[in-house]
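Here is how the chains run, residue by residue.
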Amino acid sequence: MKYLITLLCLMLPLTFLTGCTSAGKNETSGTVYEYKDPDQCPDYHVTKTVYGDHTLSIYLTYNYDDNNNLTVDWVRCYRDDFSLYSDTCKAVYRDGAVTIETPDIDAADITGVEIQLDYGVGLKLRYLNTEQFAGLSSELLLDVGVIDYGDEDSFYSDAEKQEKLDNETRANEKEREIFELLKGQWVSEDGTSTVEITEGDNGYDVHFTFPPGSDFDEDYTLTCETFTGWYDEDEDVYQIESPTGPETAPWFFKLKEQGTVLLPPFQTEPYIRP
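Numbering of residues starts from 1 in every chain and runs along the sequence as written. Confidence filtering applies because this is a predicted model: local features only for residues at pLDDT of at least 70, side-chain atom pairs given and counted only at 80 or more, and all residues used for totals across whole chains, interfaces and linings. Neither water nor hydrogens contribute to the side-chain values; these are computed over all heavy atoms in the structure.

Chemist: Any details on the pattern of salt bridges? Residues and values, ideally.
Modeler: Salt bridge, as used here, is a side-chain nitrogen of Lys or Arg placed within 4 Å of a carboxyl oxygen of Asp or Glu. Scanning the entire structure with this criterion turns up 11 salt bridges. The shortest N-O distance in the salt bridge between E177 and K174 comes to 3.7 Å. Taken together, the positions of E177 and K174, both in helix 3 (residues 158-182) and 3 residues apart, correspond to about one turn of that helix. According to the relative accessible area criterion, E177 is partly exposed, its value standing at 48%. Three exposure classes are used, based on accessible area relative to the maximum for each residue type with a 1.4 Å probe and protein chains only: buried under 20%, partly exposed in between, and exposed over 50%. Note on K174: relative accessible area 44%, which makes it partly exposed. For R176, the salt bridge identified is with E199, shortest N-O distance 2.9 Å. Note that R176 is positioned in helix 3 and E199 in strand 13 (residues 194-200), a separation of 23 residues in sequence. Think of it this way: any DSSP run of H or I at least four residues long counts as a helix, any run of E at least two long counts as a strand, and we number them from the N terminus.

Chemist: Help me get a handle on the packing of aromatic side chains, residues and values and all.
Modeler: Stacked, tilted and edge-to-face pairs are distinguished by plane angle, under 30 degrees for stacked and over 60 for edge-to-face with tilted covering the rest, among Phe, Tyr and Trp rings (Trp via its six-membered ring) whose centres lie within 6.5 Å. By the definition in use, this model includes 7 aromatic pairs. With a centroid separation of 5.7 Å and an interplanar angle of 80°, the aromatic rings of Y33 and Y51 are classed as edge-to-face. A residue pair is termed long-range when its members are at least 10 positions apart, and Y33 in strand 1 (residues 31-34) and Y51 in strand 2 (residues 44-51) qualify at 18 residues. With centroids separated by 4.7 Å and ring planes inclined at 20°, the aromatic side chains of Y44 and Y62 adopt a geometry described as stacked. Linking Y44 in strand 2 with Y62 in strand 3 (residues 55-62), this pair joins segments that are 18 residues apart in sequence. Residue Y44 is classed as buried on the basis of its relative accessible area of 3%. Judged by its relative accessible area of 17%, Y62 falls in the buried class. Counting every residue linked through ring pairs, the aromatic cluster contains Y78, F82, F155 and Y156. Sitting over the face of the ring of Y59, K48 holds its NZ or CZ atom 4.7 Å from the ring centroid. Its guanidinium or amino end placed over the ring of W74, R76 lies 4.1 Å from that ring's centre, counting from NZ or CZ. Only when the NZ atom of a Lys or the CZ atom of an Arg is both within 6 Å of the ring centre and within 35 degrees of the ring normal do we say a charge sits over the ring.

Chemist: Give a detailed account of empty space enclosed by the protein, specifying residues and quantitative values.
Modeler: Of the two site types, the cavity is a set of points on a 1 Å grid over the protein atoms alone where a 1.4 Å probe fits but cannot get out, and the pocket is an open set with protein on both sides within 12 Å along at least five of seven lines, each lined by residues with an atom within 4 Å of a point. Grid points are joined across faces, edges and corners, and a volume is the space filled by probe spheres set on the points. One pass over the structure, following the stated rule, counts 1 cavity of 30 Å³ or more. When its volume is computed, the largest cavity comes out at roughly 60 Å³. Forming the walls of the largest cavity are P42, D43, Y44, Y62, V121, S137, S138, E139 and Y149. In terms of residue count, strand 10 (residues 134-141) provides more of the lining of the largest cavity than any other element does, 3 residues in total.

Chemist: Give me the lowdown on the pairing of strand 2, citing residues and values where you can.
Modeler: For two strands to count as paired, DSSP must find a minimum of two bridges between them. Pairing geometry for strand 1 and strand 2, over 4 bridges, is antiparallel. For T31, the partnering residue across the bridge sits in strand 2 and is Y51. Note that strand 2 and strand 3 share 7 bridges and pair antiparallel. Bridging across to strand 3, T49 finds its partner in I58. Between the end of strand 2 and the start of strand 3, which pair antiparallel, lie 3 residues.

Chemist: Summarise the sheet that holds strand 1; cite the residues concerned and give the values.
Modeler: Spatially, 1-2-3-7-6 is the arrangement adopted by the 5 strands of the open sheet, whose pairing is antiparallel. Looking along the sheet, the strands with just one partner apiece sit at the ends: strand 1 and strand 6 (90-94). Within this sheet the neighbouring strands show an average axis-to-axis angle of 20°, counted without direction. To get an axis, a line is fitted to the C-alpha atoms, and for a helix only the part in contact is used. The angle between two axes follows their N-to-C directions and goes from 0 to 180 degrees.

Chemist: How would you summarise helix 3 if you had to cite specific residues and measurements?
Modeler: Each residue after the first adds 1.5 Å to the expected span of a helix. Its 25 residues give helix 3 an end-to-end C-alpha distance of 36 Å, which sits within 8% of 36 Å, the value for a rise of 1.5 Å per residue. Every buried residue belonging to helix 3 is among E160, E175, I178, F179 and L182, and all of these are buried. Taken from the residues just after helix 3, G184 is the one with a positive phi, measuring 110°.

Following this line, the structure appears as structure tokens:
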């Protein structure tokens, strides 16, 4: 009897610890984190995250769409400091959750994700392994570009916000440098159409004129909040990225001081300086 009592006394703390570490777990769902405020991410209701052996399921609903039609274009997984962990994981929306498959990495090490849904909608979620995640969302709007929503103060640390500000400053300086270089008018070799880059009231204006009989309006102006351009050394051209075009889809066009450069997908003649 003395030995039985001693054995029971030794087992009780172990039983208590086992019960504590199993809280929020079961054999099928893994570790569950339920969030106090599911509306941290604008337009999305994120209730919980379930960690499995090689899966991560984020339960969410979208306020303005049939959730059964949500599709995931791609997903990126991040560590605690929001450094990239993997961009090769596959994800699918089913049964009210975005389920990420992580066959080659440990799902428990994922604390943040970036999810690109259809219709140009993106989500950034962080601190998934705590009682309250932080979230940002973005949306691609025609003729405007990407618009961000959410509370960045709760999402980024002070150091990360400063780094982000420094990067944006450098990007704006580069953007302005490219704009100053490319602003003005560019004309097709046959003289039937033009591209003119100017600074407008709401950003940068790219004005096109197309020849009569083309598939597009003879005059078309695209306004962009940002001017994204760069020099392509391989092709010896300047490329400009536009969020939308006459076909309401992102496209690129190329400018060159001399030579033949095409303006895809609708213009077959090159644009050069007049």
